[in-house]
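Reading the structure
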Amino acid sequence: MSRRIHPSVAGAQPFQLAERDPEAPLFESAEGQERLQAVLSRYPTKQAALLPLLGYANELHGWVSKQDMESIAERLDLTPAYVWSVASFYTMYNKHPIGRHFIQVCTNISCHLNGAQRVLKRFLEETGTRPGETSEDGRYTVIEAECLGACGFATAVQINDEYHENVTPERVSQILAGLDGNGS
Amino acid sequence: MAYPYRDDRETTTVLSRHMGEPEARTLSGWLERGGYEALGTALEMEPDEITEIVKESGLRGRGGAGFPTGMKWGFMPKENGRAHYLCCNADESEPGAFKDREIMRWTPHLMIEGCLIAARAIRAGHVYIYVRGEFFPVVRVLNQAVVEAYEAGYIGRSVLGSGWSCDITVHLGAGAYIAGEETGLMSSLMGGRAEPWMKPPFPAARGIFGAPTTVNNVETLASVPGIVANGSAWYRQWGSDESPGTKLWCCSGHLVKPGNYELELGVPLSEIIYDVCGGAPDGKRVRAVIPGGSSTPFLTADELDCETTYEGMQAAGSSLGTASPIVMDESTCLLSAMRRIAQFYAHESCGQCVQCREGTEWIAKILRRIEDGDGEMKDIDTLYDLCEQLTGRTICVLADSVVFPLRSSLDKFRDEYESHIQQDACTAT
Ligand SMILES: Cc1cc2nc3c(=O)[nH]c(=O)nc-3n(C[C@H](O)[C@H](O)[C@H](O)COP(=O)(O)O)c2cc1C
Ligand code: SF4
Ligand code: FES
């Protein structure tokens, strides 16, 4: 059993993980109820729990489906259309399923100056994908990202909930191999 | 990579002294380093006394605008009994900036202590720390520190038995640069799109949940415990009259030693770039620098002898911003660099204002066209024209933010644009 999450941080759990269960119920479980109540207890309005709960859906399922948005809407007394309008504003809630390893290569200015485009190209080549597409085996999705806040350690790459810094094209295959035991 | 990334000047490590020491992340390690003593001092002070010390210290907001912190706190209503809020802006997403991340991941308790003292000063009973979504590794460290501080009675009901209560909640964003703008942050925190609103109402009158609110940057708040513990004169031993104190620098781009350095305000920019960071690698010359993060005006290599204070950088025609110089060596295509910056602002415009939504897209498109060799000389006039249209006409200053680097690059590196347009060739070596 996972340790009980303190309410002060219940709405701020890392929500892009390799481990996911797309079939898990969102709120019809003890954990789901606990998370919902813990988040709600921190804000004077229900609506303010929206981002934390979208994050929870993304954490659990790897993406936020229409059903997820509907059940969040119901719990927070919002309309599904409103929830969609908010969810669509934020790039980090995946609107469709993505690969087990979600690879985001920063190509913003400091990384751009340090060869980010070559790093991006190498990730795409080695995973055999095009930007935003998931590899056939479901393992990788590679996208170009905006500044990740690690500009002094260019090129910065985020893979799920971890940062990889000072990435060069030469390091790409090693990074991919380290992602899970049976890397390519 | 190993720490410290700092200069050896002992006297100027106020914020970064314990960076690189993993034990400083834990409550016990923090207490061994004198942590939470300032909170004890603040608990014995009246809220307005705390504000007064911070006013005297001359501390200015480190989120980019440099607004005097004590003055901002002074705008908050003085009567007790109504809900007040503090938002700690940990959305750090200005390209070039990576300092708040270092504070949070190495010394989370320093920031928590700053949040608590600030909350007491502005009579807030709840602090929301709005962390940018991507910072998962950072938020793990921060969350652990918050929980530890709760369990030991530093946060929550009757802090350290003082009778004064304050909650802290960590809140994660989800990938939107505009959520760093203070009204965008508040819209987002309340469960909406991160759309900025027109001021007034100012946050101190009407912020989150309709209540008086102060928004402060992480580094601003992390500077507060030292000031409260040691006094305003202590803080003023560094920097200038108008820009006292120390600042965490974020140095990136073409540098031998990029990274974070805490320096007294006022050190010449050239010293930071050449002496502290070792200049450009491989013996190349520096061509251009954006000194304060991507939304500040370009400086040429000949303009780096400026004093890095708020007033000094302004006199040099740029601004201190988030103190995040992005250095470009002589091999840099400045057109391509400017195009990448413009692409960012186009992507991040929230879309509420037509000038910003359309204008940023246009700028990015024109720059891309010139880069691809299909530019025309009249594009330069169009870009200047767009600079006019994007200045001072929108709800927030995201639109102005792209104008600063764009206009200055057109003014200072016009040959680069002309060469791409006329010869499809870059002037970089
Ligand atoms: C487009 C835009 C993005 C901003 N992003 C941030 C940010 O990521 N972090 C931050 O602290 N301030 C950011 N700011 C500045 C905030 O609006 C605000 O001035 C600041 O958080 C106030 O804190 P301070 O007084 O302590 O500096 C941004 C401003 C604009 C216009
Ligand atoms: S200036 Fe741009 S980012 Fe700011 S409110 Fe208007 S459209 Fe949104
Ligand atoms: S520019 Fe790549 S992390 Fe900031």
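Since the model is a prediction, treat every value here as computed from it, not as a measurement.

On to the pattern of salt bridges, then. Residues and elements named next belong to chain B. Here the structure, examined in full by the defined rule, presents 33 salt bridges over all chains. Put simply, R132 and E134 hold a salt bridge, and the shortest N to O gap is 3.0 Å. There is no split in this pair, since R132 and E134 are both buried. A salt bridge links E388 to R407; the nearest nitrogen and oxygen atoms lie 3.3 Å apart. In this pair, E388 sits in helix α15 (residues 378–389) while R407 sits in helix α16 (residues 398–412), placing the two residues 19 residues apart along the sequence. Its relative accessible area of 41% is what places E388 among the partly exposed residues.

Caution applies to low-pLDDT regions: their predicted coordinates should not be interpreted in detail. In this model, chain B carries a mean pLDDT of 95, and residues with pLDDT of at least 70 account for 97%. Our summary of model confidence lists the complex with pTM equal to 0.97 and ipTM equal to 0.96.

Right, let's get into the environment of L263(B). When you line up the elements, L263(B) lands in strand β6 (residues 259–264). Each C-alpha atom of the pair L263(B) and A222(B) lies 15 Å from the other, and the pair is 41 residues apart in sequence.

Looking now at the nonpolar core. Counting residues in hydrophobic clusters, the biggest one holds 167 residues, and the most contacted among them are Y90(A), I129(B) and Y417(B). Residues in contact with Y417(B), not counting those within four places in the same chain, are L335(B), M338(B), L367(B), I370(B), I380(B), L383(B), L406(B), S409(B) and L410(B). L263(B), L265(B), I273(B) and V327(B) belong to the second-largest nonpolar core, a separate cluster that totals 23 residues.

Here we come to the site of ligand 2. In the vicinity of ligand 2, the contacting residues are I178(B), P196(B), S349(B), C350(B), G351(B), Q352(B), C353(B), C356(B), T394(B), I395(B), C396(B) and L398(B). Split into classes, the residues belonging to the shell around ligand 2 amount to 8 nonpolar, 4 polar and no charged.

So, on to a nonpolar patch on the surface. Taken together, the side chains of F67(B), M71(B) and F75(B) present a nonpolar region at the surface, about 290 Å² in accessible area. Here F75(B) shows up in the loop between α4 (69–74) and β1 (85–90).

All names here are of chain A. The strand order β2-β1-β3-β4 describes an open sheet built from 4 strands, whose pairing is mixed. Among the strands making up the open sheet, the edge pair consists of β2 (140–145) and β4 (162–164). Ignoring strand direction, the axes of neighbouring strands in this sheet form an average angle of 20 degrees. Two strands pair when backbone bridges link them, and strand β1 (residues 101–106) and β2 are joined in this way by 6 bridges, in the parallel orientation.

Let's shift gears to the interface of chain A and chain B. In this complex, chain A contributes 53 residues to the contact, which on the side of chain B involves 66 residues. Overall, the association of chain A and chain B removes approximately 4,600 Å² of surface from exposure, summing both partners, and the carbon and sulfur fraction of that is 59%. Along the contact surface separating chain A from chain B lie 4 salt bridges. Put simply, R42(A) and D167(B) hold a salt bridge, and the shortest N to O gap is 3.9 Å. Our count for the contact surface shared by chain A and chain B stands at 26 residue pairs in polar contact (both at pLDDT 80 or more). Among the secondary structure elements, those contributing two or more residues to the side of chain A that touches chain B are α2 (50–61), α4 (80–87), α5 (109–113), β2 and β4 of chain A. Take the side of chain A that touches chain B: its biggest share by element is 4 residues, from α5(A). Residue composition of the side of chain A that touches chain B, by class: 26 nonpolar, 20 polar and 7 charged.

Turning our eyes to something else, we now look at the domain arrangement of chain B. Residue and element names in this part refer to chain B. On domain assignment, one finds that chain B holds domain 1 (2–236), domain 2 (246–329) and domain 3 (334–423). One C-alpha centre belongs to domain 2, the other to domain 3, and the line joining them spans 23 Å. Contact with domain 2, which involves 12 residues of that partner, is made by 13 residues of domain 3. Seen at the junction of domain 2 and domain 3, the total is 2 salt bridges. With a closest N to O distance of 3.3 Å, E416 and R287 form a salt bridge. Linking domain 2 to domain 3 there are 6 residue pairs in polar contact (both at pLDDT 80 or more). Of the residues forming the side of domain 2 that touches domain 3, the biggest block, 3 residues, is contributed by strand β7 (residues 286–290). Broken down by class, the residue content of the side of domain 2 that touches domain 3 amounts to 6 nonpolar, 4 polar and 2 charged.

Rules of the game
Chains are numbered independently. Their residues run from 1 in the order of the written sequence. Each chain takes a letter, starting from A, and each ligand takes a number, starting from 1, following the order in which they are written. With pLDDT at 70 or above as the cut-off, local features in this predicted model cover only qualifying residues; side-chain atom pairs require 80 or more to be listed or tallied, and sums for whole chains, interfaces and linings still use all residues. Values reported for side chains reflect all heavy atoms of the structure, with hydrogen atoms and water molecules removed beforehand. Any carboxyl oxygen of Asp or Glu within 4 Å of a side-chain nitrogen of Lys or Arg constitutes a salt bridge here. For the exposure calls, accessible area comes from a 1.4 Å probe over protein chains only, and a residue counts as buried if that area is under 20% of its type's maximum, exposed if over 50%, partly exposed in between. In this text, helices come from DSSP runs of H or I with a minimum length of four residues, and strands from runs of E with a minimum of two, each type numbered from the N-terminal end. pLDDT expresses how confident the predictor is about each individual residue, on a scale running from 0 to 100. In this text, buried Ala, Val, Leu, Ile, Met, Phe, Trp, Tyr and Cys residues form a nonpolar core when linked through side-chain atoms within 4.5 Å. We call two residues in contact whenever any of their non-hydrogen atoms come within 4.5 Å of each other. Proximity criterion: a residue is near a molecule or strand once any of its heavy atoms comes within 4 Å of it. All residues other than Ala, Val, Leu, Ile, Met, Phe, Trp, Tyr, Cys, Pro, Asp, Glu, Lys and Arg, Gly among them, are scored as polar; the first ten of these are nonpolar and the last four charged. The patch calculation keeps residues exceeding 30% relative accessible area without a salt bridge and links them within 9 Å when they carry like charges or within 5 Å when they are nonpolar (Val, Leu, Ile, Met, Phe, Trp, Tyr). Where accessible areas are quoted, they stem from the Shrake-Rupley method and a 1.4 Å probe; at the residue level, only the protein chains shown are allowed to cover. Whether two strands pair depends on DSSP finding at least two bridges between them. Note on geometry: axes are lines fitted to C-alpha atoms, helical ones only across the stretch in contact, with angles between N-to-C directions running from 0 to 180 degrees. Summed over both partners, the accessible area (1.4 Å probe) lost when two parts come together is defined as the buried area. N or O atoms within 3.5 Å of each other form a polar contact, as long as, within protein, one can give a hydrogen and the other can take it, and as long as residues adjacent in sequence are counted only when both atoms are side-chain atoms. Per the annotation, domain bounds derive from an automatic or database assignment of domains.

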